[in-house]
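If you want the building blocks of each chain, they are given just below.
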Amino acid sequence: MRRLLFALLLPLASLSAQAQSGSTANGDLAVLPVRVTLEGRSRATEIMLRNAGKQAATYRILFTEMEMGPDGQLKPHDKQPGEITASDLIRISPRQVTLQPGEIQTVRLQVRKPENLPDGEYRSHLLMEAIPPTHAPSALPDDNPQHSVSLDVTTIMGISIPVIVRQGSLAAKVTLQEARLEPPQQGAPLDLSLKMVQAGQRSVRGVFQVSVDSGGHLKPGKVLAEEPGIPIYHNTPFRTIHLGLEGVSAQDLQGTRLKVSYRMTEPQEEKPSSVTYLKLP
């Protein structure tokens, strides 16, 4: 049953995980789930690794610290003195696995919170890093060996997923600002850009939707863009979002008022958490 479930969800896992480097023959790894959140009474969970390649591969499993920039991209983060992250609160088992082609391995994550842990969100990224196979040193050419240099370059591939531990009751709020249409590029759909501003004590994840509100000749309620799974971390003040408006031109939108909404899927909300409007001339 586990193998069947993994096979059904494999495409999503492969596309959603964050690649840290280029792929190699030893790096065809899929991970499920692609995001872990431990809060409330949750003290342990499991992730599944699957070698989707054609060769056996060994992976080292460790935590790394990342932060989100204004463009939504992740970059390495150096922990500050006294800073607590999820890596300080979670035990990983096992920390290294060798998988044959098609083989699945379960990795267990267990939370160990110290007493008097302050309320807040603690985040790290769990990195599954391929260990390159060892090769014998390349032989130097016979002619002029004293002037020859042999250099082997190995690409190390890794996939990381965010792991979040939450303590206490935490609030989150997102507002949308500065919505505007960008000049279209040749062959690309219209680009609606806006600023996603975050305030609160927890990261959020949600769905963006752009629809026709009123005016113009397009039917009110017509959805022009929908982007699921857009996150912003709690310590990222804002990020710039670009939404492609498929199937319409600037001429189609003349005199139209667009509605842009962001609905949280984590934490779940019944109504859009934030709405803004863009009136086009």
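Located above this text is the structure these notes cover.
What you see is a predicted model; the values in this text were computed from it and never measured.

> Got a minute to help me understand the pattern of salt bridges in this structure?
Two side chains with opposite charge may pair up if their charged atoms get near one another. Evaluation of the coordinates by the stated rule reveals 11 salt bridges. Note that arginine 180 and glutamate 182 form a salt bridge whose closest N and O atoms lie 3.2 Å from each other. For arginine 180, a relative accessible area of 44% puts it in the partly exposed group. With a closest N to O distance of 2.8 Å, arginine 257 and aspartate 213 form a salt bridge. Note that arginine 257 is positioned in strand E18 (residues 256-266) and aspartate 213 in strand E15 (residues 204-215), a separation of 44 residues in sequence. Classification of arginine 257 as partly exposed rests on a relative accessible area of 30%. What emerges from the salt-bridge pattern is a single network uniting Arg35, Glu39, Glu121, Arg166, Arg202 and Glu266.

> Got a minute to help me understand the sheet that holds strand E16 (residues 223-232) in this structure?
Read from one edge of the open sheet, four strands run E16-E15-E18-E19, paired in antiparallel fashion. With partners counted over all chains shown, the strands left at the sheet margins are E16 and strand E19 (274-279), one partner each. For this sheet the average axis-to-axis angle between neighbouring strands, irrespective of direction, equals 20°. Direction of pairing for E15 relative to E18: antiparallel, over a ladder of 10 bridges.

> So what exactly am I meant to see when it comes to the packing of aromatic side chains here?
The description of an aromatic ring pair rests on the distance of the ring centres and on the angle between the ring planes. Applying the stated criterion to the full structure yields one aromatic pair. Above the plane of the ring of tyrosine 233 lies arginine 123, whose end atom (NZ or CZ) is 3.9 Å from the centre. Directly above the ring of phenylalanine 238 sits lysine 195, whose terminal nitrogen or CZ lies 4.5 Å from the centroid.

> Quick question: what am I supposed to make of the sheet that holds strand E13 (residues 172-182) here?
Within a beta sheet, neighbouring strands are joined by backbone hydrogen bonds and run either parallel or antiparallel to one another. Ordered by their spatial adjacency, three strands build an open sheet running E13-E14-E17, and the pairing between neighbours is antiparallel. Every interior strand has two partners, whereas the edge strands, E13 and strand E17 (238-245), have only one. For this sheet, the mean angle separating the axes of adjacent strands, direction not counted, is 25°. Pairing between E13 and strand E14 (residues 190-200): nine bridges, direction antiparallel. Bridging from a neighbouring strand, alanine 172 pairs with glycine 200 of E14.

Definitions and limits used
Residues numbered from 1 in each chain as written. Predicted model: local features only at pLDDT ≥ 70, side-chain atom pairs only at ≥ 80, totals over all residues. Heavy atoms only, no water. Salt bridge = Lys/Arg side-chain N within 4 Å of Asp/Glu carboxyl O. Buried < 20%, exposed > 50% of the residue type's maximum accessible area, 1.4 Å probe, protein only. Helix = DSSP H or I, 4+ residues; strand = E, 2+ residues; numbered from the N terminus. Pairing = 2+ DSSP bridges. Axes fitted to C-alpha atoms, helices over the stretch in contact; angles between N-to-C directions. Phe/Tyr/Trp six-rings, centres within 6.5 Å; stacked < 30°, edge-to-face > 60°. Lys NZ or Arg CZ within 6 Å of the ring centre and 35° of its normal.

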